[in-house]
Structure formats: structure tokens, C-alpha cells
Amino acid sequence: MITTRTVSMIKGLDSSPKADKTWPIEGISRAPYWIYTDPDIYLLEQANIFRGNAWHYLGIDAEVPETGDYKTTYIGDTSVLMVRAEDGSINGMVNRCAHRGNMVCRDAFGKAESLYCVYHAWNYDLKGNLKNAAFSRGIRGEGGLPKDFDKANHGLTQLRTEVICGLVFATFSQTIEPLEEWLGDVAYGIKRLLTRPLKILGYDTQRIKSNWKNYHENPRDSYHANILHTFYGTFGLSRQSQESGMVLDKLGRHSCFYTKAGTEKNDANYQNTTSELRSHNDQLKLEDPSILKWVDEIGDGVSVQILSAYPSFVLHQIANSLATRQLLPKGQNQCDLVWTYFGFADDDEQTTQRRLIQINLAGSAGMISVEDAAVCEMTYRAIADGQVGNSFIEMGGTDLTSGGSSKLSERAIRNFWHNYRQDMNL
């Protein structure tokens, strides 16, 4: 018998149960799969999070060292500029002409005496203030802009911009607390690592075919690192048996975890578990073990530090490899991850070479990081119907504080969803 429902299924309509767009009653220990796949949710995120009450990473001050140097990047879907002005300040602004919305700067990096829109020759200074609009007075008494036109009201949209240890952040919000106060206790992870002027070593951008939140959860997930990543467990850069810990700011927006290589404290539970993990492979050898030659530059024994700032920034130290990761949403089903590798301006050649070699640990083809993008894409493919199901986030407990400072916990992910739900009014 062919029923109305059968016909609709044949036509591809109503072929699966519709998602219930309410958050599970378990709260922050669950995340519904529709939250990753719904295009309406994605649009709301742009307004409430990316153009909302948060600071967003733009780049490193060393990328714009001289007056007129600029970098183009994004906050969410919004094209933005990072520009060095005549007074030495770094300014963030929306890369959109105040006249008809044309993109002012097209290149990834450049140098300019002023910011010039090619469409109608509206010209802005290096802080985004309108200097001149072509034919604003018309010709022979005809045309032109209104007599009451005020250039002060037609500049580029300027963003609040602050710098911490060479890292440049900007926000659309005029009410959010200063950057360092917003970062809270997690700011220590930046100050610990970035003690001197920086120099850029290179870039790597990868397109990940998953929702941006799939990736954002990943560096906050200290539980997975020694299970997924064969390189960590096998070669001892980071193991659950080593001294480690995790710090969150008081509101749980940001996290920072660390591991100290060579501080093994094995017990029966650890031995029994690792004997069954694919990530511990004693048969795996390196033909060139120089990539493992780690120097404790800071003197605190930390071999791995992963710092994640809400909603889209990561700073990592993996051995002597240093990098930022900027997460850029590109629709609800894909995102770009921009890696910026750096060292210090006063590094000697040997140190620079060590950092360059260890770049191979991270990035889109890194011996460690390649697996992160892979599992994000696998997860998104598995949940892409977005109709039913929730992730289960109870390692270490079910609330904001359970799990404490242990890396064997999903506390940082639960705190992410707590802040996300507040910002999204969900």
C-alpha cells in the first residue's frame, strides 16, 4: 500500500524524523547534533558570538612591522584589516568601504600610505577615518555629495584592538572587559610562553570539512590527546602518566593544559589501558629522531602547552614548535584553520632550525595534528543529518567544576557549551 507518507518519502520529503530543536535536559554534559549542522544556528553565531561580546585573534604584531603594513583576515564571516598606523598603533577595522560595501584591501598582506577603495576612490587613513571621497563636490555645480556630508561619520567600522605579548585581538563590542581581564587566569599561558619580540617563520592553511565547533572542541579536549595521537604516546612527548594539569579562567571561556615529558608515574590502570591503545606502538621507529630533540627553553619542564581562547583561537607549544591557530568558519559544514608558525626575534640559527624541523609535528600534515582534522571530518560525516542524537560529555563529571585540573576530563568542553549557550540564548 502506498500511503501519503510513502509518497513523501519517495519524493525525498520527510524521509527522517525532524530534529527536536531543544537542548537535552542533561544540560552541558550533552551537545545536540543539530547544533553543528543547522544553517540558521550558523547565522545566529555570526551575530551573537563573532560580532558579539568576545575578543578575536587577528594576528601577530610582527606581521605588520612598519607604518602602512596591513594584513587581511576574518572574524567569523566578516572580512577585517589589521593595520599599523603612523603612531605605531595596530588598528583593527572591517574591510568594507563605507560607501557601497566594496572590499578595500584584497591581498593577504600589503603596504599602503592610505586605504583606498578602487570602486569609487573613497580613501581612508591608516586608522580607517575617511580622508576623501572622489567628486564629493561634484563638477560644474552638478552632482556631488550632500552639503551636510560629514566625513567623520563615514569611516571604516573600527574595532577595539588590544595586543598581549605580540598577539593582536579585536572585538566589535564596546562593553566587553579589557583583553587581559577577559582572558583571566589563562593569560598566564601566553605570558609564560611569549617573553620576547616574535618573528614569523611561516604559514599553513587547511580546509576542514566540518563545523567550526567540531574543531574548537578538539584543542580543549585534553582527554583525547594521548589516545588519538600515536606520536605523543609512542615517543613520550605527552602521556597521561606524566605530570600534567589544566587551567580555566573563572568563567570557563578559555583553557590551558600542559604536560611535562619525562615525569612518568605509571600505575596498573595506566598500563592496562595503554596496552590496548593503538596510539602506543613500540614497533614505531623514527629514521631521523632529531625531531624529538626538545630543549627546555623556559626551564619549567613543560613539553606541551595547548591554550584555547573562546571562540576561535589556539596558541601551542609542542616541544620547541610555537604556533597560533586561527579558526575561521566557512559555513556550517566547513572551516579554515590558519596556522602561523613563529619564533623569537633573537633566536640563533640552531634554535630556528629546531623550530622549523618541529613544525612537522603540527599543521595540516603534521605527525600529530593531521589526526585532529581527520576525526573532525569523520565526526561531521557521522552526524551530518543533524536530526537525532547528542554527544556525551561526562568524562570527569557532569558540571562546570567536576574534573578539576585533571587532563583526564572533559571539563573544558562542558564549560565551552555553557558559555556558548549563554551567548546564543539557548
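You'll find the structure just up there.
A brief report on the enclosed structure follows. These numbers were taken from a predicted model, which means no experiment stands behind them. (Residues numbered from 1 in each chain as written. Predicted model: local features only at pLDDT ≥ 70, side-chain atom pairs only at ≥ 80, totals over all residues. Heavy atoms only, no water.)

Regarding its fold elements, the protein presents 12 helices and 19 strands. Among the 426 residues that make up the protein, the fraction classed as buried is 50%. Within the protein, residue pairs in contact and separated by at least 24 positions form 64% of the contacts whose partners lie at least 6 positions apart. Surface summary for the protein: the accessible area is close to 19800 Å², and the carbon and sulfur share equals 50%. (Helix = DSSP H or I, 4+ residues; strand = E, 2+ residues; numbered from the N terminus. Buried < 20%, exposed > 50% of the residue type's maximum accessible area, 1.4 Å probe, protein only. Contact = heavy atoms within 4.5 Å. Areas by Shrake-Rupley, 256 points an atom, 1.4 Å probe, with all protein chains shown as cover.)

Take the pairing of strand β14 (residues 255-259) next. Summarising burial for β14: 4 of the 5 residues are buried, a large majority. When strand β13 (residues 244-248) meets β14, the two strands line up antiparallel, connected through 5 bridges. Paired with Ser244 across the strands is Thr259, a residue of β14. Between the antiparallel neighbours β13 and β14 lie 6 residues, among them Gly252 with a positive phi of about 75 degrees. (Pairing = 2+ DSSP bridges.)

We now examine the nonpolar core. Counting residues in hydrophobic clusters, the biggest one holds 78 residues, and the most contacted among them are Leu167, Trp417 and Tyr420. The contact partners of Trp417, leaving out residues within four places of it in the chain, are Trp23, Ile28, Ala31, Ile35, Tyr36, Lys213, Glu217 and Ile393. (Core = buried A, V, L, I, M, F, W, Y, C linked by side-chain atoms within 4.5 Å.)

This brings us to the side chain of Gln358. Of note, Gln358 is situated in helix α10 (residues 349-358). Classification of Gln358 as buried rests on a relative accessible area of 0%. At a separation of 3.3 Å, a polar atom in the side chain of Gln358 contacts the main-chain carbonyl oxygen of Ile291. Within the local environment of Gln358, its side chain forms a polar contact with the backbone nitrogen of Ser321, the two atoms lying 3.4 Å apart. Each residue touching Gln358, except ones within four places of it in the same chain, is listed here: Ile291, Lys293, Trp294, Ile318, Ala319, Asn320 and Ser321. (Polar contact = N/O pair within 3.5 Å; in protein donor to acceptor, adjacent residues only side chain to side chain.)

Further remarks concern unusual backbone geometry. Here the bond from Tyr310 into Pro311 is cis, since omega is 0 degrees, no more than 30 degrees from zero. The topology assignment puts Pro311 in the loop between β15 (304-309) and β16 (313-318). Phi at Ala121 takes a positive value of approximately 60 degrees, unusual for a residue other than glycine. Topologically, Ala121 is positioned in the loop between β7 (115-116) and β8 (122-124).

This part covers a nonpolar patch on the surface. On the surface, Tyr116, Val118 and Tyr119 cluster together to form a nonpolar patch covering roughly 330 Å² of accessible area. Here Tyr119 shows up in the loop between β7 and β8. The partly exposed category is assigned to Tyr119, whose relative accessible area is 48%. (Patch = residues over 30% accessible without salt bridge, like charges linked within 9 Å, V, L, I, M, F, W, Y side chains within 5 Å. Salt bridge = Lys/Arg side-chain N within 4 Å of Asp/Glu carboxyl O.)

Their axes nearest at 9 Å, the elements helix α6 (residues 212-220) and helix α12 (residues 411-424) cross at an angle of 140 degrees. It follows that α6 is oblique to α12 by the angle criterion. Classified by chirality, the crossing of α12 by α6 is right-handed. Of the residues in α12, those touching α6 at Trp212, Lys213, His216, Glu217 and Arg220 are Ala412, Ile413, Asn415, Phe416, Trp417 and Tyr420. Partitioning the contact of α6 with α12 into residue classes produces 6 nonpolar, 2 polar and 3 charged. (Axes fitted to C-alpha atoms, helices over the stretch in contact; angles between N-to-C directions. Parallel < 35°, antiparallel > 145°, perpendicular 65-115°, else oblique. Left-handed = near helix turned anticlockwise from the far one by under 90°. Nonpolar A, V, L, I, M, F, W, Y, C, P; charged D, E, K, R; others polar.)

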